[in-house]
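# Analysis of the macromolecular model
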Amino acid sequence: MTELEAPPAHVPVAEPTENATLGLPEELSARRLLSRGQSYSLAVGTAIAAALLVVYGTTGLGPSFASWGRAVVLFVTVVYVVVISFKLLLVVAAPDKGGWDEARLVAAALAEAALPRYTILVPLHREARVLPELIGRLSALEYPQELLQILFLVERGDSETRDVLAALELDEPFQTVVVPPNGPQTKPRACNVGLALATGDLCVIYDAEDRPDPDQLRRAVAAFADAPRWVVCVQSELQYWNPWTNWLTRNFAAEYAANFSLVLRGLDRFGLPTPLGGTSNHFRTDALRQLGGWDPHNVAEDADIGIRIARRGWRVRRMASVTEEEANSNLRSWLRQRSRWLKGYMQTWLVHMRSPLRLWRDLGTRDFIAFQLVLGCAIFTTLVNPVFWALFVVYLVNGPSHIAVLFPAYIFYPAVAAMLAGNVLMIYCLMSGCMERGLLPAVKVMVLVPAYWALMSVAAYKGLIQLIRPSRRHFWELTEHGLVGVDGTSRKPDAKPRSVAVPTDLTRDTEETLFVGAVPENGNGSKGEASTIASMQESSA
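Parameters at a glance
Residues numbered from 1 in each chain as written. Predicted model: local features only at pLDDT ≥ 70, side-chain atom pairs only at ≥ 80, totals over all residues. Heavy atoms only, no water. Helix = DSSP H or I, 4+ residues; strand = E, 2+ residues; numbered from the N terminus. Buried < 20%, exposed > 50% of the residue type's maximum accessible area, 1.4 Å probe, protein only. Contact = heavy atoms within 4.5 Å. Patch = residues over 30% accessible without salt bridge, like charges linked within 9 Å, V, L, I, M, F, W, Y side chains within 5 Å. Areas by Shrake-Rupley, 256 points an atom, 1.4 Å probe, with all protein chains shown as cover. Salt bridge = Lys/Arg side-chain N within 4 Å of Asp/Glu carboxyl O. pLDDT = per-residue confidence, 0-100. Core = buried A, V, L, I, M, F, W, Y, C linked by side-chain atoms within 4.5 Å. Expected span 1.5 Å × (residues − 1). Phe/Tyr/Trp six-rings, centres within 6.5 Å; stacked < 30°, edge-to-face > 60°. Lys NZ or Arg CZ within 6 Å of the ring centre and 35° of its normal. Pairing = 2+ DSSP bridges.

## Observations regarding the overall build of the chain
Helices and strands together make up the secondary structure of the chain, namely 15 helices and 10 strands. Taking all 541 residues of the chain together, 55% fall into the buried category. For the chain, the share of sequence-separated contacts (at least 6 apart) that also reach a separation of at least 24 residues comes to 84%.

## A few points about the environment of P356
Mapping P356 onto the fold places it in helix α11 (residues 356-363). By relative accessible area, which is 34% here, P356 ends up partly exposed.

## As for a nonpolar patch on the surface
Where nonpolar side chains cluster on the molecular surface, the patch consists of Y40, V44, I48, L52, L53, F65 and W68 and spans about 650 Å² of accessible area. Among the secondary structure elements, those contributing two or more residues to the nonpolar patch are α1 (36-59) and α2 (65-93). If you trace the backbone, Y40 turns up in helix α1.

## So, the confidence of the model for the chain
In the predicted model, the chain carries a mean pLDDT of 83, and the fraction of residues at 70 or more is 82%. Below pLDDT 50 for its whole length, residues 4-21 participates in 53 contacts with residues either more than four positions away or in separate chains. Contacts for the low-pLDDT stretch residues 494-541, under 50 throughout, to residues beyond four places or in other chains number 104 contacts.

## Comments concerning the nonpolar core
Within soluble globular proteins, side chains that are nonpolar generally end up buried alongside one another. Of all hydrophobic cores here, the largest spans 51 residues; its most connected members are F252, W334, Y452 and W453. Counting residues per element, the ones that place at least two in this core are α2, β7 (231-240), α7 (247-270), α10 (331-352), α12 (365-398), α13 (409-437) and α14 (449-468). No other element matches α7, which puts 12 residues into this core. The residues contacting F252, other than those within four sequence positions of it, are Y240, A327, N328, W334, Q337, R338, W341 and Y452. If you look at the next biggest cluster of nonpolar residues, it comprises 32 residues, including F152, L217, F224 and A227.

## Considerations on the environment of L238
Looking at the secondary structure, you find L238 in strand β7. Along the chain, L238 and E325 lie 87 residues apart, while their C-alpha atoms are 7.0 Å from each other. Those residues within four positions of L238 in sequence are excluded, and the remaining contacts are Y256, F260, G277, T279, S280, T323, E325 and R437.

## A look at α1
A rise of 1.5 Å per residue sets the reference length of α1, with its 24 residues, at 34 Å; its end C-alpha atoms lie 34 Å apart and thus fit the reference within 8%. Just past α1, the residue G60 takes up positive phi, approximately 80 degrees.

## With respect to the pattern of salt bridges
According to the stated counting rule, one finds 16 salt bridges in the structure shown. E237 is paired through a salt bridge with R437; the nearest N and O atoms lie 3.0 Å apart. Here R437 lies in helix α13 and E237 lies in strand β7, a separation of 200 residues in the sequence. Relative accessible area serves as the criterion here: at 11%, E237 is assigned to the buried category. When its relative accessible area of 16% is taken as the criterion, R437 is described as buried. Across the salt bridge formed by R308 and D304, the nearest N and O atoms sit 3.0 Å from each other. Taken together, the residues span about one helical turn, with R308 and D304 both in helix α9 (residues 301-311) at a distance of four residues. On the basis of relative accessibility, which here comes to 3%, the residue R308 falls in the buried class. Salt bridges linked by common partners bring E237, R265, E436 and R437 together as one network.

## Regarding the side chain of S29
Within the secondary structure, S29 sits in the loop between β1 (2-4) and α1. By relative accessible area, S29 is classed as buried at 0%.

## Focus: the packing of aromatic side chains
Aromatic ring pairs are described here by two measures, namely the spacing of the ring centres and the angle between the planes. Taken as a whole and assessed by the stated rule, the structure comprises 18 aromatic pairs. Taking the centre distance of 6.4 Å and the plane angle of 75 degrees together, the rings of W247 and Y452 count as edge-to-face. Here the residue W247 occupies a position in helix α7, and Y452 occupies one in helix α14, the gap between them amounting to 205 residues. Relative to Y452, the ring of W334 has its centre 5.3 Å away and its plane inclined at 55 degrees; by these criteria the two rings are tilted. With a gap of 118 residues between them, W334 in helix α10 and Y452 in helix α14 connect regions that are remote in the sequence. In this structure Y452 comes out as buried when scored by relative accessible area, which is 2%. Every member of this aromatic cluster is reached through a ring pair, and the members are Y240, F252, Y256, F260 and W341. Cation over ring: R472 sits above F475, and NZ or CZ is 3.9 Å from the ring centre.

## Here's the deal with helix α6 (residues 216-226)
Among the 11 residues in α6, eight count as buried, and that is most of the element. Residues of α6 that are buried include every one of Q216, L217, R218, A220, V221, A222, A223 and F224, and no others.

## Section: unusual backbone geometry
The linkage connecting E172 with the following residue, P173, adopts the cis geometry, with an omega of 15 degrees. Phi at E169 is positive, roughly 50 degrees, even though this residue is not glycine. Relative to the elements of secondary structure, E169 occurs in the loop between α4 (159-168) and β4 (174-179). Here the phi dihedral of S280 falls at roughly 60 degrees; this positive angle occurs in a residue that is not glycine.

## Re the pairing of β7
Across the 10 residues that make up β7, a large majority, 10, are buried. Taken together, the nine bridges between β7 and strand β9 (residues 315-325) define a ladder with parallel strand orientation. Looking across to β9, one finds that Q235 is bridged to R318. Pairing geometry for β7 and strand β8 (residues 281-284), over three bridges, is antiparallel. Counterpart to C233 in the pairing with β8 is F283.

What follows is the structure, given as structure tokens:
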């Protein structure tokens, strides 16, 4: 198997349009936490609030402390009501099937000559345990091998994964790409290195534990053929293949069922901005390059690129195909994964809110509001939940006297109604997702889902603390895969992977060839790849 360390002198690109370069502008990069304008607005707002409180404390003039508290409680209550109503609308409005009408898209009937070249990007980090199974699944994809390019993106220091790949002696279309150590060690940066080498007209990301439908690539080709050019990405539905491992995986599977089977279908139906899942996103490669690739400093690169697609006036559509993943069954590993996701959502919201007026112009009023509800308000409520749970506990233990100043009657009764109705409706959404997916035994588990929401708040605060710390801001906490055996039960972390037969026509006995190069380093971490693409285009000219 060929091992590449950086793009060779010339790699043909798939019909790039004018100005198709790889690299993000600084204002769309999460390298900085806040822009100058955001820092100034935060400082001025904090100073004004502090001044008003000091004036009241010393002179008794202006809004009282209680008034401030009541205003905050009222604001949060309104946010809860709006977010819950919006999510319920998406669930109720979700179509019966996601994506295109498959009756019109007979993917299996596509002529071989009409199929485009396809690049599969597989970022790997310490995934030696699951490699044999992964290669078996990728080899089973129903797509002509001569039209495939499968790039395993491996960090240079990950010798264990590289050694296993070398020992498997895979032939084309498999290649190992060694990601240079300069820049943040994140999945999006590895994908940018792969994108610089991509030769496919279309490309897709698969994670190490993914189990895509064998005909998914053909379905994606059919979906793109049926769509206008401004549809630049189609997302398959993500499901978990091990929902019954333990209580954590049951809740995780229910959450995914509600999101991918209902909420995201609702977003698709209304044409609203769609934060992508981290895998099984199928892109037009030229459009992905025009977007600047992924932000290497954003640890929720999938959500970020979905918003950038919407800002261009392009669209993401759902596809009626499924990729199965491994639900995280270990609490510690789940917290690492979820805190990374939530930290990335915070990064994404902050990046796109650096210029709210420009974002409003790019998205339009309806999509701008949807962006706030899908990302901003969702993060906010996850962080605020523990505060209001604590107030509710105080109310149950000591009665209303201790919180009466914050909850006068005109706030207390709407807040209680919002809390009770909101929890019931959110549990209903999760139960609906379970029934949509056929996860009927998980329906009764949803009664205890508030405990799962509490864990999400713990993960949110962990992500927030990391975001504030510069040394941990772009840190990618690894999700450990292979914790569950093929029968859905947990296995020891040091358990060896199940052996999977690899087709003999994909192996060879010849020695591997090492291409040595360098990806230039700079502050952004992605514009080095941009200069590589530019040099490749000049060479081809």
